[in-house]
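One-letter residues, chain by chain:
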Amino acid sequence: MPSTNETVEALFAEWAELLQLAGADAFRVRAYEKAARSIGGFSKDLRDLDDKGLRAIPSVGASMAARIREYLETGTLHELEDLREQVPAGLREMMRIPSLGPKKAILLHETLGISTVDELAGAARDGKLRGIKGLGQKTEENLLRGIQNLREHGGRILIDAAMDAAVGVIEALRGLAEVDQITYAGSLRRMRDTIGDIDILVASANAAPIMDSFAGLSSVKEVLAHGETKTSVLTDTGLQIDLRTVPADAWGAALIYFTGSKSHNIKIREIAVRRGWKLSEWGLFKADTGKKIAAETEEEVYEALGLPWIPPTMREDTGEIEAAFAGTLPTVVERRDIRGDLHSHTNLTDGLAPLEEMLAAAAAAGYSYYVVTDHAEGLPMTGMDRGKALAQRKRIATLQKKYPKMTILHGSELNIAKDGSVDYDPAFLAGFDLLVASVHSMFRLPRDEQTARIIRAMENPFINVIGHPTGRLIGRREPIDVDFESICNAAVRTGTALEVNSFPDRMDLRDEHVRWAIERGVTIAIDTDSHAPKHLEHLRFGVATAQRGWARKTDVLNARTLKQLRTFVEKKRPG
DNA sequence: GCCGTTTTCGGCCCGACTGTTTTCAGTCG
């Protein structure tokens, strides 16, 4: 469900790339990039803003505001259309190849007439790149390898796979005598829902042996760069891992730098520059004398800049720096705030483990309550029926005796039909403690129908949580098309929570939706949708997604006590 | 193209590494 803001963000980002390829001034390009990000992260719908409101968006001036207005009124951007005519679309595609930026793309286009990735691959194979100034044999090899890798792996991986790879490297290197500290940084530390490459940071006074060990790991297929403080490799699964080393006394500055995001870093560096300082991965220094001001910990560096420590998940330059200065940076929800899971399965339906094992895992996680929500009769493939549901409820009552500290609740994940109705009748629904309802089919309904369908489900007094609200499967299925604003309003009006599903290929709601939702007063539920005991560990991804959406503990239904949770359910039910 | 506890014009983040250079441009994060 691309919102207007997301659509305009994508258009401006494309505009920035096309400007680069048209040879425009670099600062002008950056202005478009900044505006794109700023619009994408803005919490009000562009359609609801007048010209003054548009210009209040950071990095949007008179010119950008006029263009946004043009798009809102005509559905098109005539200058962008002109640029598209001027610059072959294939050149943008070519810039996805590592080591190929706008300058080389232009050079290849102007000298050889190359305007697609395929043409480039052909030209490189035929040796046609030789002899062009600035391009040698090595460049030719790198481009061919880059194209192959792009075709085989095509970009980003899910966060759990990235985490496994990062932890693997860390475990392999942690034991080296030269390693003082080691951790992952980059988009993995910020917990974006997909990860492009992995950044590992090491504190050490003697980097060379670490670099060599890293380059020699058995999973390394190819060493892309091997310098004194930085080594980049490609693993056998096509994943790029960058290792950087810094002295221990620069750890904090380096961690900030390598955690990013890039735009967050740029903004705090600008703050440093305005004070006559210079911030880099080596520390915060006085620009004139080079005297060190701070470097050892993240807290010290932020404090020197006049800022509180900002959680990595919030470092996206979507207003966190301004909020930090104003003292309004929210204290975001933490893993330890979560008291239970509201969405889980067993092998009674499509889970992989029996009830006993799921409960044991939940108790081990320290939960004070846990809701078992197997699918309902509306999904025939699961073979569920009312008798089985009631039998499960009985078993739960028996098993409850084993868990004095954890209350086991009986729920179900209902299926939302095309018209918004769900499984079972009200009398049967009333027998459950808590109910999740989710879309499992008809993902391509028109926006009006899809929105009405979800809202009707929320109006059902027995439904407490909408599971994976947009239905996306990252890389495999687009989110359903709904009017998210209306969904949020209905969620607040009906007392229904929207789920942040922690499953790595869902992450749904996603970060931006969470931010929109909580700004509108929506209660969210951070669930794992576990189908096996080990899936309970995915909770941290959901918590991180909620943090990325600036959710506080008070915004989260399952950060509340059991009594408060029951009140939330009872308040909606009739009678 | 944006923006202003220096400014409505003249700035705009910083450093590592590669490749093809013989002093640096391009790319990346």
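Residues numbered from 1 in each chain as written. Chains lettered and ligands numbered in written order. Predicted model: local features only at pLDDT ≥ 70, side-chain atom pairs only at ≥ 80, totals over all residues. Heavy atoms only, no water.

With that settled, the discussion passes to the overall build of chain A. Summing up its helical and strand segments, chain A has 24 helices and 17 strands in all. Here the C-alpha radius of gyration of chain A, 26 Å, is about what a compact globule of 575 residues would show, namely 25 Å. The C-alpha extent of chain A, read off along each of the three principal axes, is 80 × 65 × 50 Å. In chain A, which comprises 575 residues, the proportion classed as buried is 54%. (Helix = DSSP H or I, 4+ residues; strand = E, 2+ residues; numbered from the N terminus. Rg over C-alpha atoms; globule rule 2.2 N^0.38 Å. Buried < 20%, exposed > 50% of the residue type's maximum accessible area, 1.4 Å probe, protein only.)

A few words on the pattern of salt bridges. The final tally for this structure, using the stated rule, is 34 salt bridges. Between arginine 47 and aspartate 45 there is a salt bridge whose closest N-O contact spans 2.7 Å. Look at aspartate 45 and you get buried, because its relative accessible area is 5%. Within the structure, one salt-bridge network assembled from shared partners comprises Glu14, Glu17, Glu81, Arg84, Arg92 and Arg96. (Salt bridge = Lys/Arg side-chain N within 4 Å of Asp/Glu carboxyl O.)

Before going further, it helps to spend a moment on the pairing of strand 7 (residues 240–246). The buried count for strand 7 comes to 6 of 7 residues, which makes it a mostly enclosed element. As defined by bridge partners, strand 4 (residues 197–203) adjoins strand 7 across 7 bridges and the pair is classed as parallel. Bridge pairing links aspartate 197 to glutamine 240 in strand 7. Both strand 6 (residues 230–235) and strand 7 contribute to a ladder of 5 bridges, which runs antiparallel. Across the sheet, the residue bridging to threonine 231 is leucine 243, located in strand 7. Between the end of strand 6 and the start of strand 7, which pair antiparallel, lie 4 residues, with glycine 238 showing a positive phi angle near 85°. (Pairing = 2+ DSSP bridges.)

All right, on to the sheet that holds strand 9 (residues 283–286) then. On the basis of which strands lie adjacent, the open sheet formed by 3 strands has the order 8-9-10 and antiparallel pairing. Taken across any chain shown, the strands that pair with only one partner, and hence form the sheet edges, are strand 8 (277–280) and strand 10 (292–294). Within the sheet, the average angular offset between the axes of one strand and its neighbour, ignoring direction, is 30°. With 4 bridges joining them, strand 8 and strand 9 adopt antiparallel strand pairing. The residue of strand 9 that forms the bridge with tryptophan 277 is lysine 286. Strands strand 8 and strand 9 of the sheet are contacted by helix 14 (residues 262–274), whose axis makes an angle of about 155° with strand 8. (Axes fitted to C-alpha atoms, helices over the stretch in contact; angles between N-to-C directions. Contact = heavy atoms within 4.5 Å.)

Near DNA strand B, the surroundings consist of 48 residues, among which Arg30, Gly136, Tyr257, Arg269 and Glu270 are the closest. In the interface set of DNA strand B, defined as its atoms within 4 Å of the protein, sugar plus phosphate atoms amount to 74%. A distance of 2.6 Å is found between a phosphate oxygen of DNA strand B and a backbone nitrogen or oxygen belonging to glycine 61. Secondary-structure elements contributing two or more residues to the surface near DNA strand B are helix 2 (26–40), helix 4 (62–74), helix 7 (102–112), helix 9 (137–153), strand 5 (220–226), helix 14 and strand 8. In the surface near DNA strand B, the residues fall into 18 nonpolar, 14 polar and 16 charged. (Near = heavy atom within 4 Å. Polar contact = N/O pair within 3.5 Å; in protein donor to acceptor, adjacent residues only side chain to side chain. Nonpolar A, V, L, I, M, F, W, Y, C, P; charged D, E, K, R; others polar.)

This paragraph deals with the environment of threonine 373. Within the secondary structure, threonine 373 sits in the loop between strand 12 (369–372) and helix 18 (386–399). Separated by 29 residues in the primary sequence, threonine 373 and serine 344 have C-alpha atoms spaced 5.2 Å apart.

Right, let's get into the domain arrangement of chain A. What the domain assignment lists for chain A is domain 1 (4–153), domain 2 (157–246), domain 3 (261–326) and domain 4 (335–572). Centre-to-centre, using C-alpha coordinates, domain 2 lies 24 Å away from domain 3. If you look at the interface, domain 2 gives 8 residues, while domain 3 gives 9 residues. Run the count over domain 2 and domain 3 and you get 3 salt bridges. Of the charged contacts, one joins arginine 244 and glutamate 281 as a salt bridge, the two residues approaching to 3.2 Å between their closest N and O atoms. Taken together, domain 2 and domain 3 are joined by 3 residue pairs in polar contact (both at pLDDT 80 or more). Only helix 11 (186–190) and strand 7 provide two or more residues apiece to the side of domain 2 that touches domain 3. For the side of domain 2 that touches domain 3, the leading source of residues is strand 7, giving 3 residues. Grouping the amino acids of the side of domain 2 that touches domain 3 by side-chain chemistry returns 2 nonpolar, 2 polar and 4 charged. (Domains from an automatic or database assignment.)

Here the focus is the packing of helix 1 (residues 4–21) against helix 4. At a closest axis distance of 12 Å, the pairing of helix 1 and helix 4 adopts a crossing angle of 120°. By the angle class used here, helix 1 and helix 4 are oblique. Helix-helix and strand crossings are classified by hand; for helix 1 and helix 4 the assignment is right-handed. Facing Thr4, Thr7, Val8, Leu11, Phe12 and Trp15 of helix 1, the residues of helix 4 in contact are Met64, Arg67, Ile68, Tyr71 and Leu72. Considered class by class, the residues forming the contact of helix 1 with helix 4 number 8 nonpolar, 2 polar and 1 charged. (Parallel < 35°, antiparallel > 145°, perpendicular 65-115°, else oblique. Left-handed = near helix turned anticlockwise from the far one by under 90°.)

This next bit is on the side chain of threonine 494. Along the chain, threonine 494 falls in helix 21 (residues 484–494). Accessibility expressed as a relative area gives 13% for threonine 494, which makes it buried. One polar contact links the side chain of threonine 494 to the main-chain carbonyl oxygen of alanine 490, over a distance of 2.7 Å. Sequence-distant contacts of threonine 494, that is, excluding residues within four places in its chain, are made with Met458, Glu459 and Lys572.

Soluble globular proteins: nonpolar side chains tend toward being buried together. Judged by nonpolar contacts, the single largest core of 83 residues is most densely connected at Leu305 and Ile526. Each of domain 3 (261–326) and domain 4 (335–572) accounts for three or more of the residues forming this core. In contact with isoleucine 526, not counting residues within four places along its chain, are Val333, Ile338, Val500, Ser502, Leu539, Gly542, Val543, Ala546, Val556 and Asn558. Core analysis: the next-biggest nonpolar cluster, separate from the first, contains 47 residues, Val29, Ala36, Ile97 and Leu100 among them. (Core = buried A, V, L, I, M, F, W, Y, C linked by side-chain atoms within 4.5 Å.)

With respect to the helices and strands, threonine 545 occurs in helix 23 (residues 539–548). For threonine 545, a relative accessible area of 4% corresponds to the buried category. In this structure the C-alpha to C-alpha distance between threonine 545 and glutamate 512, which are 33 residues apart in sequence, comes to 8.9 Å. What threonine 545 contacts, discounting residues up to four positions off in sequence, is Val500, Met507, Leu509, Arg510, Asp511 and Val514.

This brings us to the packing of aromatic side chains. Inspection of every chain in the model, using the stated rule, returns 7 aromatic pairs. Centroid distance tryptophan 15 to tyrosine 32: 5.1 Å. Interplanar angle 45°. Geometry classified as tilted. In this pair, tryptophan 15 is assigned in helix 1 and tyrosine 32 in helix 2, connecting sequence segments 17 residues apart. Of the two residues, tryptophan 15 and tyrosine 32, neither departs from the other in class, the shared state being buried. Plain terms: the ring middles of tyrosine 424 and phenylalanine 432 are 6.0 Å apart, the flat faces sit at 25° to each other, and that makes the pair stacked. Side by side, tyrosine 424 and phenylalanine 432 carry an identical accessibility label, which is buried. An aromatic cluster of three or more residues is present, and its members are Phe12, Trp15 and Tyr32. Above the ring of tryptophan 550, the side-chain terminus of arginine 515 is found at 3.7 Å from the ring centroid. (Phe/Tyr/Trp six-rings, centres within 6.5 Å; stacked < 30°, edge-to-face > 60°. Lys NZ or Arg CZ within 6 Å of the ring centre and 35° of its normal.)

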